[in-house]
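Read off the chains here:
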Amino acid sequence: MTDTIAAVSTPPGRGGIGIVRVSGPGAGDVARVVVSGVPEPRVATSARFLAGDGETLDTGLALWFPAPHSYTGEDTLELQGHGGPVVLDRVAGRVFAAGARPARPGEFTERAFLNGKLDLAQAEAVADLIDASTHEAARLARRSLDGALSERVHAAVDELVRIRTWIEGALDFPDEEVPDLPGDLLAERLARVRAAVAAARGAAARGNVLREGFGVVIVGRPNVGKSSLLNRLVGRERAIVTEVPGTTRDTLHELVQVDGLPLRVIDTAGLHPTDDPVERIGIERTWTAVEEADAVLAVVDDRRGLEEADREILAGIPDRLPRVVVRNKIDLTGAVAGESDEGGQYRLRLSARTGEGVDGLRERLKSLAGYEPRAEGLFMARRRHLAALDEALGSLDTARRREDEGAGSELVAEELRLAQRSLAEITGEFTTDDLLGRIFATFCIGK
């Protein structure tokens, strides 16, 4: 990396402070041109930001972070001035004229990764921390940035390396009489590393829910109170509610926070036989939303109970999806709010109109998401992390099966190599330029 990059690192718009960040081998040259010299390292220095003709563009603070003691690991200059867009544009333009080029989205963090300041999981946590939608999501992103996920991955990789060293040593140097690892000891060590990877996978799954949200789709026949339930969960009149059946004809999406858990709640069109082409499109979108959901709330009218049409709706929900049968409108039946398990089907009575029993629904949704506020040992994770952990578990299971079948040590060693490679993809020891491009392209400019 021989070029020098720069960008405005504060959000667009007006603000009290605006920052232009410069990183690369030419950062010192930019400092000498724009602020008349390289500031003392890590000391906020009052400075004038100068145009090419000596005019003062702005006044503020200049900070100098010489390599390798900077965020990127390169010489880095930060110019902190006033946060007006025109002022920042003029200062950035002057920095570009002094030899820097505009940074790509995420390029500062990409350089931090390439220079060994962060591993790939930590670099992704930077973006997750910025994008966090709840306090709990921000806490877990911070833990990932501190290396909570990376530490688990490195520990598993270290154990795999020790096992592979023993097995492959015996394969590569048969004349040296390297003793084989006893089968019972190998099985014990494989079980131990698999348990560690499985535990990391469980924690990652819960952390991923906080990053992407838990998708909940509300389904049911017309006029059972689906939109009223959405409004109650959201806390405001988001959906139109009338006594006329079929008011909702399209999907309505809302983000709801429940004790720090982001719920992506979707209200849908009522499910019933219809010849109306608009309603049919809405019903098709309902089933599409169900296919993409993490859980389903099937709402029925408590006055009518679970009728055949409701059972048909439940039968159409994929078996893999957890569902809650919500018996709504207990304010009209006088039934007591609460949960029950009838024939293996979880049911919850409530009133979307009065709110009675809705807290129980919120608790149930947290349970379905596997969410515990302030739980220890969790961290933020992405879908690619889950996929890599799943691949590692698959390879470890195959290695154990090969060992039990008495297959050759070469086959066991190959599965362990694949497991190690899958884990290495998480932290970036093994990766591709294409993957890096996709990851850092999602970052904001200036970070």
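Please refer to the structure higher up on the page.
Since this is a predicted model, take the numbers as computed values, not measurements. (Residues numbered from 1 in each chain as written. Predicted model: local features only at pLDDT ≥ 70, side-chain atom pairs only at ≥ 80, totals over all residues. Heavy atoms only, no water.)

Colleague: Go over the overall build of the chain with me, naming the residues and quoting the values.
Modeller: Helix and strand counts for the chain come out as 15 helices and 13 strands. Against the compact-globule benchmark of 22 Å for 447 residues, the chain has a radius of gyration of 28 Å, which places it well outside the compact range. With the principal axes as the frame, the chain shows a C-alpha extent of 80 × 75 × 40 Å. Considering the chain as a whole, with its 447 residues, one finds that 49% of them fall into the buried category. Within the chain, contacts between residues at least 6 apart in sequence are counted, and of these 66% link residues at least 24 apart. Carbon and sulfur atoms provide 50% of the accessible area of the chain, an area that totals close to 21,000 Å². (Helix = DSSP H or I, 4+ residues; strand = E, 2+ residues; numbered from the N terminus. Rg over C-alpha atoms; globule rule 2.2 N^0.38 Å. Buried < 20%, exposed > 50% of the residue type's maximum accessible area, 1.4 Å probe, protein only. Contact = heavy atoms within 4.5 Å. Areas by Shrake-Rupley, 256 points an atom, 1.4 Å probe, with all protein chains shown as cover.)

Colleague: Can you lay out the pattern of salt bridges for me, pointing to particular residues and giving the numbers?
Modeller: This model, assessed by the stated rule, comprises 39 salt bridges. In this structure, Arg189 and Glu159 form a salt bridge, with 3.2 Å as the shortest nitrogen-oxygen distance. Taken together, the residues Arg189 in helix 7 (residues 183-212) and Glu159 in helix 6 (residues 148-172) connect sequence positions 30 residues apart. By relative accessible area, which is 14% here, Arg189 ends up buried. As a salt-bridge pair, Asp301 and Arg304 come within 3.8 Å of each other at their nearest N and O atoms. Relative accessible area serves as the criterion here: at 2%, Asp301 is assigned to the buried category. On the basis of relative accessible area, Arg304 is assigned to the partly exposed category, the value being 39%. (Salt bridge = Lys/Arg side-chain N within 4 Å of Asp/Glu carboxyl O.)

Colleague: Account for the pairing of strand 11 (residues 323-328), naming residues and giving values.
Modeller: Buried residues dominate strand 11, accounting for six of its six residues. For the segment spanning strand 10 (residues 295-301), helix 10 (residues 308-316) and strand 11, crossover handedness is right-handed. Pairing analysis gives three bridges linking strand 11 to strand 13 (residues 345-349), with the strands arranged parallel. If you follow Val326 over to strand 13, its bridge partner there is Leu348. (Right-handed = clockwise from strand over helix to strand, strands pointing away. Pairing = 2+ DSSP bridges.)

Colleague: Describe helix 12 (residues 358-368), and please don't skip the residues or the numbers.
Modeller: All buried positions along helix 12 are accounted for by Val358, Leu361, Leu365 and Lys366. Each buried residue of helix 12 lies within a common arc of 140° when the element is viewed along its axis, so the set occupies one face. Positive backbone phi, approximately 65°, marks Gly370, located one or two places after helix 12. (Arc of directions from axis to C-beta.)

Colleague: Residues and numbers for the nonpolar core, please.
Modeller: The biggest cluster of nonpolar side chains holds 65 residues, and the ones touching the most others in it are Leu229, Leu263, Leu297, Leu361, Leu416 and Leu423. Here this core gets nine residues from one element, more than from any other, and that element is helix 7. When near neighbours in sequence (up to four residues on either side) are disregarded, Leu297 contacts Val216, Val217, Ile218, Val219, Leu229, Val324, Val326, Leu361 and Leu365. (Core = buried A, V, L, I, M, F, W, Y, C linked by side-chain atoms within 4.5 Å.)

Colleague: So what's going on with the sheet that holds strand 1 (residues 5-8)? Residues and values would help.
Modeller: In spatial order, the strands read 3-4-5-2-1-6; together these six strands make up an open sheet with mixed pairing. Both outer strands of the open sheet, strand 3 (45-50) and strand 6 (101-102), are each paired with one neighbouring strand and no more. As defined by bridge partners, strand 1 adjoins strand 2 (residues 15-23) across four bridges and the pair is classed as antiparallel. Looking at the pairing, Ile5 lines up with Ser23 of strand 2.

Colleague: Any chance you could break down the packing of aromatic side chains for me, citing the residues and the numbers?
Modeller: Tallying each qualifying case throughout the model produces two aromatic pairs. A centroid spacing of 6.4 Å and a plane angle of 35° characterise the contact between Phe113 and Phe440, whose relative ring orientation is tilted. Of this pair, Phe113 sits in helix 3 (residues 107-114) while Phe440 is found in helix 15 (residues 433-440), placing the two residues 327 residues apart along the sequence. Taking the relative accessible area as the measure of exposure, Phe113 reaches 12% and is therefore buried. Of the residues examined, Phe440 reaches a relative accessible area of 2% and is grouped as buried. The interplanar angle of 50° and the centroid separation of 5.3 Å between the aromatic rings of Phe440 and Phe443 together place this pair among those described as tilted. Residue placement shows Arg21 over the ring face of Phe108; its charged tip is 5.3 Å from the ring centre. (Phe/Tyr/Trp six-rings, centres within 6.5 Å; stacked < 30°, edge-to-face > 60°. Lys NZ or Arg CZ within 6 Å of the ring centre and 35° of its normal.)

Colleague: I'd like to hear about unusual backbone geometry, residue by residue, with values.
Modeller: Note that the residue after Ala67, namely Pro68, is joined by a cis bond; omega there is 0°. You can see Pro68 is positioned in the loop between strand 4 (56-65) and strand 5 (76-83). In this structure, Asp259 is a non-glycine residue whose phi angle is positive, near 55°. Looking at the element boundaries, Asp259 is found in the loop between strand 8 (252-258) and strand 9 (261-267). Asp259 sits in the partly exposed class, given a relative accessible area of 48%.

Colleague: Could you give me a rundown of helix 1 (residues 27-34), with the residues and numbers involved?
Modeller: Of the positions making up helix 1, those classed as buried are Ala27, Gly28, Val30, Ala31 and Val34. For helix 1, the buried positions fall inside an angular range of 160° around the axis, keeping them on one side. Where the residues of helix 1 are buried, they touch strand 2, strand 3, strand 4, strand 5 and helix 2 (85-97). Remark: Ser36 follows helix 1 within two positions and exhibits a positive phi of approximately 65°.

Colleague: Let's hear about the packing of helix 8 (residues 226-234) against helix 12: which residues, and what values?
Modeller: Where helix 8 contacts helix 12, the two axes come as close as 11 Å, and the packing angle between them is 80°. The orientation of helix 8 relative to helix 12 falls into the category roughly perpendicular. Residues Leu229, Arg232 and Leu233 of helix 8 form the contact with helix 12, whose own contacting residues are Val358, Leu361 and Arg362. Of the residues in the contact of helix 8 with helix 12, the class split is four nonpolar, no polar and two charged. (Axes fitted to C-alpha atoms, helices over the stretch in contact; angles between N-to-C directions. Parallel < 35°, antiparallel > 145°, perpendicular 65-115°, else oblique. Nonpolar A, V, L, I, M, F, W, Y, C, P; charged D, E, K, R; others polar.)

Colleague: Tell me what's going on with the pairing of strand 7 (residues 214-220), and back it up with residues and numbers.
Modeller: Among the seven residues in strand 7, seven count as buried, and that is most of the element. With burial as the criterion, each face of strand 7 is covered, one bearing Phe214, Val216, Ile218 and Gly220 and the other bearing Gly215, Val217 and Val219. The pairing of strand 7 with strand 9 spans five bridges and is parallel. Considered in strand 9, the bridge of Val216 is made with Val265.

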